[in-house]
Amino acid sequence: APRRSVLTVACEQTEVLLFDPISSKHIKTLSEAHEDCVNNIRFLDNRLFATCSDDTTIALWDLRKLNSKVCTLHGHTSWVKNIEYDTNTRLLVTSGFDGNVIIWDTNRCTEDGCPHKKFFHTRFLMRMRLTPDCSKMLISTSSGYLLILHDLDLNKSLEVGSYPILRARRTTSSSDITSSGSSGPRAVGSPCHQNSSGPLAEKTLSRPSQREGGSPRNSLEVLTPEVPGERDRGNCITSLQLHPKGWATLLRCSSNTDDQEWTCVYEFQEGGPVRAVSPRCSLRLTHCIEEANVGRGYIKELCFSPDGRMISSPHGFGIRLLGFDAHCSELVDCLPREASPLREIRSLYSHNDVVLTTKFSPTHCQIASGCLSGRVSLYQPKF
């Protein structure tokens, strides 16, 4: 939770666990929070949180009354994988393996749910994130593409043909995407496959007029991020996170044959106004490190520290704390001219199974990790 009052844990079965992160005591188990695997939890404020599940629903909960849900949200047709929230507009944003990004208006929430609309759709969607200022939406796909919606307007639904598309580029070259993809979403425990085609339908998209002094609202950029060792092979972007100050994006990528796994940091390169017909490349690979590639096929969720100086990354049966340099400097203070290795600051191992997720406390020097067998560990590292 934002004030560290509670640690919530999404479980593979139907449960949500709640702990006191200070004493490590178990507070409560929501044994039937959903009818299938719980995938993600997001706090909207200090008491209200949302959960999403493979049962295709999202549930809202109040910490003061956990015996029943505030409401259940229906709208997705496949597994719901992650939740974002715009605190300014109080709009909940969810994405799932149906390829849909759906907007929910929590300002008009009742026991029957919230008004909602489909905002965006793309095939093979894996993860979706909003930048801290909600000016951009990033979407990763199992076919190795990263979509960026610039100058974001969540109040405008995007159907095919309604948004300007900026010419797609590799982060280090100018190859364009011209055809539709044919790979499927990566399910937990299954390998990822891809070919050389992209995630968008073969259509000529309309280009609304550019706003004065900037790009059009919701202009779409399609990138194929450079991954070390994957120049001649495809990759699957399994985890997507954003720097807390909006400076960079953090990706966990695996090769299409699952024999390599990488953690990569890409700096946002902000330039002047870009015309909708112009090539654009907003990201530059700055740091990377090869991962252990243990537990092939399972998605490992990594994260930035609250100040953005460190990365916590699942690594085999534990986690690694990674920095941009040996002194845990700010990213902007140690940007290399060419991609450099992330520095391992400390390794923490306490699990007897593959670690799948890790999270920093928002307020204290504390880290949580969770493994495949269901164990949760709390660390307070000393340096």
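The protein chain goes by DDB1- and CUL4-associated factor 10 in an unreviewed UniProt entry, where it is assigned to Dicaeum eximium. The protein chain has a UniProt comment under Pathway (unreviewed entry) that states "Protein modification; protein ubiquitination." Its UniProt record, at the heading Function (unreviewed entry), says of the protein chain: "May function as a substrate receptor for CUL4-DDB1 E3 ubiquitin-protein ligase complex."

Here the focus is the overall build of the protein chain. Each helix and strand counted, the protein chain has zero helices and 28 strands in total. The buried share among the 383 residues of the protein chain stands at 57%. Within the protein chain, counting contacts between residues at least 6 apart in sequence, those at least 24 apart form 54% of the total. Carbon and sulfur atoms make up 46% of the accessible area of the protein chain, which totals about 16,400 Å².

Let's shift gears to unusual backbone geometry. Phi angles above zero are rare outside glycine, and Asp151 is one such case at about 50°. Looking at the secondary structure, you find Asp151 in the loop between β14 (146-150) and β15 (165-170). With relative accessibility at 26%, the residue Asp151 sits in the partly exposed group. Despite not being glycine, Asn293 has its phi angle at roughly 55°, a positive value. Relative to the helices and strands, Asn293 resides in the loop between β20 (283-290) and β21 (303-304).

Relative to the elements of secondary structure, Thr358 occurs in strand β26 (residues 355-360). On the accessibility criterion, Thr358 (3% relative accessible area) is buried. Between the C-alpha atoms of Thr358 and Ser377, which are 19 residues apart in sequence, the distance is 9.3 Å. Here the side chain of Thr358 touches Ser312 through a polar contact of 2.8 Å, side chain to side chain.

In total, this model carries 17 salt bridges according to the counting rule given. Salt-bridge contacts for Arg127 lead to Glu301; the nearest nitrogen and oxygen are separated by 2.9 Å. Pair noted here: Arg127 is in strand β12 (residues 125-130) and Glu301 is in the loop between β20 and β21, with a separation of 174 residues, a long-range link. Note on Arg127: relative accessible area 7%, which makes it buried. Among the salt bridges present, the one from Arg284 reaches Glu267, with a minimum N-O distance of 3.2 Å. One end of the pair, Arg284, is in strand β20; the other, Glu267, is in strand β19 (residues 261-268), and 17 residues separate them in sequence. Like Glu267, Arg284 is buried. The network of salt bridges with shared partners includes Arg252, Glu261, Glu291, Lys300, Arg320 and Glu344.

Criteria and cut-off values
- Residues numbered from 1 in each chain as written.
- Predicted model: local features only at pLDDT ≥ 70, side-chain atom pairs only at ≥ 80, totals over all residues.
- Heavy atoms only, no water.
- UniProt positions renumbered as here; feature names shortened; annotations may be inferred.
- Helix = DSSP H or I, 4+ residues; strand = E, 2+ residues; numbered from the N terminus.
- Buried < 20%, exposed > 50% of the residue type's maximum accessible area, 1.4 Å probe, protein only.
- Contact = heavy atoms within 4.5 Å.
- Areas by Shrake-Rupley, 256 points an atom, 1.4 Å probe, with all protein chains shown as cover.
- Polar contact = N/O pair within 3.5 Å; in protein donor to acceptor, adjacent residues only side chain to side chain.
- Salt bridge = Lys/Arg side-chain N within 4 Å of Asp/Glu carboxyl O.

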